[in-house]
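Secondary and tertiary structure notes
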Amino acid sequence: MRIESITEDFGAIVSDVALNELSDQDFQQIEQAWFDYAVLVFPRQNLSNEDHFAFTRRFGRLEKGLPHINMKLRPNIGNTDIKGNVLPPEHVGRVFNIGNSLWHSDSSYKRVGAKASLLAAHSVPNEGGETEWADMRAGYDALSTDMKRFLADKVAVHSYAFSHSWHYGLLVVPEEGLRQLPPVEHPLVTVHPVSKRQVLFVGRHASHIVGQDFVSSRKLLRELTTEAARPPRTIGHRWEVGDIVMWDNRCVLHRARATPPNQPRKMVRSTVAGDEPANEWAIND
Ligand code: SIN
């Protein structure tokens, strides 16, 4: 197996390994690389959905989808239906995915956010449609001393209703389901459980800061996200069919870049639930 880092400690390309027949020793090497680099790109794996699942499960329990949608694998991230046909621009499934174009950590609007996401490319456009990741360990390190001090005891509200109100997110989950997605609180500075590095935990689901003025703290969260998710703290991947990328939502934000309107981009994503034993979003099988 070859593991080539993209920057010194952010992102690596892993090749000369078949994820569908991984030995325990190879898995351990991959897991260590994931802890070290936070984003791993596996070119041209062409995994079946079953193999995609099996690889995902090695990292922990799967995460439940949105209430009442409840798919273990999200088969149509991008602009297509599950068969890969391009959806009309106004289709709810397509508009819903526009939200992914803003920097975010998957499921941070849940009490326990996602641990890992694994995204595989099934159809790709000729141009555009890249995914980008931002290293929020480095994002924290780059803050001024005064800002680090200010944020040290601050908690942000992350809210599905806030971040999904403008792009059909409220329509895909019925009201009863929305009640299962109340706003939740997460510290703005977290510590990664393995590397023990401090992380700036922000992104599009963060609505405002508890105990601070609503409008100005919302503005600050936006500024913190924008500033942290800038080069040299970002990497991107131009997809080829069969690639699969996994990232650590506990220390990385990600976003999708625009795709030309009539070219299919069909991505399939699985999600590993946060490790907390009592995580109500984890599937226990
Ligand atoms: C996601 O936000 O989970 C998907 C990102 C992408 O489509 O590139």
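Everything below is about the structure shown above.
Residues numbered from 1 in each chain as written. Predicted model: local features only at pLDDT ≥ 70, side-chain atom pairs only at ≥ 80, totals over all residues. Heavy atoms only, no water.

Examining the sheet that holds strand β5 (residues 114–123)
How we decide: By the convention used here, strands pair only if DSSP detects at least 2 bridges between them. Starting at the N terminus, helices and strands are each numbered in turn, a helix being any DSSP run of H or I of at least four residues and a strand any DSSP run of E of at least two. A fitted line through C-alpha atoms represents every axis, and for helices the fit uses only the stretch in contact; the resulting angles, taken between N-to-C directions, go from 0 to 180 degrees. Pairs of residues are marked as contacts when any of their non-hydrogen atoms sit within 4.5 Å.
The sheet built from seven strands is open, its strands ordered β1-β2-β3-β13-β5-β15-β4 with mixed pairing. Either end of the sheet is taken by a strand with one partner, and the two such strands are β1 (2–5) and β4 (73–78). Strand-to-strand twist across the sheet, computed as the mean angle between neighbouring axes with direction ignored, equals 25°. Of the strand pairs in this sheet, β1 and strand β2 (residues 12–15) are connected by four bridges, and their pairing is antiparallel. Of the residues in β2, the one forming a bridge with Ser5 is Ala12. Strands β1, β2, β3 (39–42), β5 and β13 (244–248) of the sheet are contacted by helix α1 (residues 24–37), whose axis makes an angle of about 130° with β3.

Remarks on the sheet that holds strand β7 (residues 155–158)
Taken in spatial order, the three strands line up as β8-β7-β11 in an open sheet, and their pairing is antiparallel. Both edges of this open sheet fall to β8 (184–187) and β11 (206–209), since each of them pairs with a single strand only. Direction aside, neighbouring strands of the sheet carry axes that sit 35° apart on average. Note: β7 against β8, four bridges, orientation antiparallel. Residue pairing across strands places Val155 opposite Pro187, the latter belonging to β8.

Some points on the environment of Ser165
Positionally, Ser165 belongs in the loop between α6 (160–163) and α7 (169–172). For the pair formed by Ser165 and Pro88, sequence separation is 77 residues and the distance between their alpha carbons is 21 Å. Beyond its immediate sequence surroundings of up to four residues, Ser165 is in contact with Tyr160 and Leu170.

Remarks on the site of the ligand
Spelled out, the test is: Put simply, a residue is near a molecule or strand once any heavy atom of it comes within 4 Å of that molecule or strand. In the analysis that follows, any N or O atom pair within 3.5 Å is treated as a polar contact, provided that within protein one partner can donate a hydrogen and the other can accept it, and provided that, for residues neighboring in sequence, both atoms belong to side chains. The method behind every accessible area is Shrake-Rupley, applied with a 1.4 Å probe, and residues are considered shielded solely by the protein chains displayed. Asp, Glu, Lys and Arg are counted as charged, while Ala, Val, Leu, Ile, Met, Phe, Trp, Tyr, Cys and Pro are counted as nonpolar; the rest, among them Gly, fall into the polar class.
Surveying the vicinity of the ligand reveals the residues Ile77, Asn100, His104, Asp106, Leu119, Thr131, His254, Ala256, Arg265 and Arg269. A distance of 3.0 Å is found between an oxygen atom of the ligand and a side-chain nitrogen or oxygen belonging to His254. Contact with the protein chains removes 100% of the 260 Å² of surface that the ligand exposes when unbound. Here the residues of the shell around the ligand sort into three nonpolar, four polar and three charged.

What about a nonpolar patch on the surface?
Condition: Patch membership requires over 30% relative accessible area and the absence of a salt bridge. Like charges are linked within 9 Å, and nonpolar side chains (Val, Leu, Ile, Met, Phe, Trp, Tyr) within 5 Å. Salt bridge, as applied in this entry: a Lys or Arg side-chain nitrogen positioned within 4 Å of an Asp or Glu carboxyl oxygen. When accessible area is computed with a 1.4 Å probe and restricted to protein chains, residues below 20% of their type maximum are described as buried, those above 50% as exposed, and intermediate ones as partly exposed.
On the surface, Val92, Tyr168, Leu170 and Leu171 cluster together into a nonpolar patch covering about 330 Å² of accessible area. Classification of Leu171 by relative accessible area gives exposed; the value is 63%.

A few points about the side chain of His167
One can find His167 in the loop between α6 and α7. Judged by relative accessible area, which is 1%, His167 ranks as buried. Ignoring any residue separated from it by four or fewer positions in sequence, one finds His167 in contact with Val95, Phe96, Gly99 and Arg204.

In short, the description is geometric, and any link to function would need to be established separately.
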